[in-house]
Amino acid sequence: MNYKYFPHTDEEIRQMLSVAGVDSLDALYADIPESVRFRGDYDIPEALSELEIRQLMQTLGQLNDQLTCFAGAGIYDHYSPSVVQNLVQRSEFLTSYTPYQAEISQGTLHYIFEFQSMMAELTGMDVSNASMYDGATATAEAALMAVAAGKKANKVLVSETVDPKIRRVVDTYARYQGIEILTIRQNDGITDRSHMQQLIGEGGVAGVVVQMPNYFGIVEDYEGFADDIHAAKGLFIVNSVAADLAVLKTPKEWGADIAVGDGQSLGMPMSFGGPGVGYMCCTEKLIRKMPGRIVGMTRDNRGNRAFVLTLQAREQHIRRQKATSNICSNQSLMALYATIYLALMGRQGVKEAAELSYAGAHYMCDQLVASGKFRLTYNQPFFNEFCVSTDASVDELIRRAAEYGFLAGVKIDDHTLMLAVTEKRSKEDIDELVEILTKKETSHE
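Residues numbered from 1 in each chain as written. Predicted model: local features only at pLDDT ≥ 70, side-chain atom pairs only at ≥ 80, totals over all residues. Heavy atoms only, no water.

1. Focus on the overall build of the protein
Summing up its helical and strand segments, the protein has 14 helices and 17 strands in all. Over its C-alpha atoms, taken along the principal directions, the protein stretches across nearly 70 × 70 × 50 Å. For the protein, long-range pairs separated by at least 24 residues make up 69% of all intrachain contacts whose partners lie at least 6 apart in sequence. Only carbon and sulfur atoms are counted for the fraction: they give 51% of the accessible area of the protein, which is about 23,800 Å². (Helix = DSSP H or I, 4+ residues; strand = E, 2+ residues; numbered from the N terminus. Contact = heavy atoms within 4.5 Å. Areas by Shrake-Rupley, 256 points an atom, 1.4 Å probe, with all protein chains shown as cover.)

Set out below in structure tokens:
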């Protein structure tokens, strides 16, 4: 019997087994030890109608705890207008792929061009590529760019205040590239500039990576960093939360050569950590070292505006052993998401969302400190995320908050909690969580 959604008929299975040189499916899996084989019955329910399936899925969904999120550490619960998800779910966006044929890919090329334009404006940099997988891989690619541009230099310095998750990805990329990754110490939550200068003075430094705001939510002062790095012919790489650049100093204003980061903060759902979208922008001087591709605008033979793949490193496709990077695709659906979000929100909307996040975080911090049970871990300026220290167990605080319907931040250590506030968190949300975290534990009915 043929089944519409079953890919292999008995005859097709027989043909495949013949090619593999075995006479049965059991023989095909003969190398799998009997001890690890499942011999029981699968717990598969009987067939259900569409109505019954919907009711079942709704029942299963209600088993999830819907927590009000005060956690961040790279993934943030920002508001997104409903029209964004409705637009990106259109089939021509969901099913489209790399726009090699410009004449039939004008829509895709157009929105990538707009994404590039918006990211270049947010970062202040000269040029943007057509997005990366995420902020961590974009940072790692920037480290490779720095070494490629530095020729004989093979060291990249990474501040200890950079998100550890990003650092691990950078280490992975560097491991087999002959690149040495060194750590710049942090002091009271910020990058130790004197230690950076010491490491640069030892020679061979191709680039320096810092983060803004840093992993602890602190807005660091990078004045003079670019001068130190450029004097040694290195590149200054700044990783930033995209949405925060609506109000913070841009990487360009800090003197950065490469600006990277994740665009998840531009209204993208948290979705258990992904997907996000990485961005990479740089100075015009480095354009030919940039991985991925760049979409440009031109005129066709009739004088009409047209979009084309202006620049992409062909070595990524045909001479991989000579390539600076082997990235040749990207999550452009998420670049489209960021583009629609930014277009809908506009400069003022993105700025207002950032300002609300900032105000909420500072209000919450003040309330926690005023309780006498928390103290600000680092005496530094912060944006919408901050660390507080407490004598209580952070694990216990997070557990207690979850019982009341809150995801109360990220554990830094046993007595340090990092909280993030976005424009979605109301004063009532903040007050309720502060009360939960500061009162003596009682049983929750």
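2. Some points on the pattern of salt bridges
Under the counting rule described, the total for this entry stands at 18 salt bridges. Between Glu-223 and Lys-249 there is a salt bridge, with its nearest N and O atoms 3.4 Å apart. Of the two residues, Glu-223 is situated in the loop between β7 (205-212) and α10 (225-231) and Lys-249 in the loop between β8 (235-241) and β9 (258-262); the sequence distance between them amounts to 26 residues. The salt bridge involving Asp-429 is made with Arg-425; its shortest N-O contact spans 3.8 Å. Through salt bridges with shared partners, a single network forms among Asp-77, Lys-424, Arg-425 and Asp-429. (Salt bridge = Lys/Arg side-chain N within 4 Å of Asp/Glu carboxyl O.)

3. What to know about a positive patch on the surface
On the surface, Lys-151, Lys-233, Lys-285 and Lys-289 cluster together to form a positively charged patch. Given the relative accessible area of 80%, Lys-285 is considered exposed. (Patch = residues over 30% accessible without salt bridge, like charges linked within 9 Å, V, L, I, M, F, W, Y side chains within 5 Å. Lys, Arg positive; Asp, Glu negative; His and termini not counted. Charge placed at Lys NZ, Arg CZ, Asp CG, Glu CD. Buried < 20%, exposed > 50% of the residue type's maximum accessible area, 1.4 Å probe, protein only.)

4. Observations concerning the packing of aromatic side chains
With the rule as written, the count across this model stands at twelve aromatic pairs. Aromatic side chains Phe-216 and Tyr-378 sit 5.0 Å apart centroid to centroid with 45 degrees between the ring planes, which places their arrangement in the tilted category. A residue pair is termed long-range when its members are at least 10 positions apart, and Phe-216 in the loop between β7 and α10 and Tyr-378 in the loop between β13 (375-376) and β14 (385-389) qualify at 162 residues. Taken as a pair, Phe-216 and Tyr-378 share a single burial class, namely buried. Relative to Phe-236, the ring of Tyr-222 lies with its centre 6.2 Å away and its plane at 75 degrees, an arrangement referred to as edge-to-face. Of this pair, Tyr-222 sits in the loop between β7 and α10 while Phe-236 is found in strand β8, placing the two residues 14 residues apart along the sequence. (Phe/Tyr/Trp six-rings, centres within 6.5 Å; stacked < 30°, edge-to-face > 60°.)

5. Examining the layout of surface pockets
In this structure, the largest pocket encloses a volume near 500 Å³. In this structure, the largest pocket is lined by 16 residues; those nearest its centre are Leu-67, Met-270, Ser-271, Phe-272 and Leu-407. Taken together, the residues that form the lining of the largest pocket break down as seven nonpolar, six polar and three charged. Taken together, 29 residues form the lining of the second largest pocket, with Ala-73, Gly-74, Asp-163, Ile-166 and Asp-262 sitting closest to its centre. When contributions to the lining of the second largest pocket are tallied by element, the ones reaching two or more residues are α7 (135-150), α8 (164-175), β8 and β9. (1 Å grid on protein atoms, 1.4 Å probe; cavity = no way out; pocket = protein on both sides within 12 Å on 5 of 7 lines; lining within 4 Å. Points joined across faces, edges and corners; volume = space filled by probe spheres on them. Nonpolar A, V, L, I, M, F, W, Y, C, P; charged D, E, K, R; others polar.)

6. A short note on the sheet that holds β9
Strand order across the open sheet formed by seven strands is β2-β10-β9-β8-β7-β3-β4, with mixed pairing between neighbours. What marks the edges here is a single partner per strand, and that holds for β2 (127-128) and β4 (180-184). Bridge count for strand β3 (residues 155-159) against β4 is five bridges, and the pairing is parallel. Paired with Val-158 across the bridge in β4 is Thr-183. Lying on the sheet, α7 is in contact with β3, β7, β8, β9 and β10 (278-282); it crosses β8 at an angle near 170 degrees. The strands that α8 touches are β3, β4, β7 and β8; relative to β4, the one it contacts most, it runs at about 155 degrees. (Pairing = 2+ DSSP bridges. Axes fitted to C-alpha atoms, helices over the stretch in contact; angles between N-to-C directions.)

7. Focus on the pairing of β7
Of all eight residues in β7, eight are buried, a share of seventy percent or more. In terms of strand pairing, β3 meets β7 through four bridges, oriented parallel. Looking at β7, one finds that Val-156 is bridged to Gly-207. Note: β7 against β8, six bridges, orientation parallel. The residue bridging Gly-207 from the neighbouring strand is Leu-235, located in β8.

8. Quick look at helix α6 (residues 106-123)
Here α6 spans 26 Å end to end across 18 residues, near enough to the 26 Å set by a 1.5 Å rise per residue. Within α6, the full set of buried residues consists of Thr-108, Leu-109, Tyr-111, Ile-112, Phe-113, Phe-115, Gln-116, Met-119, Ala-120, Leu-122 and Thr-123. Once α6 ends, the next one or two residues include Gly-124, with phi positive near 80 degrees. (Expected span 1.5 Å × (residues − 1).)

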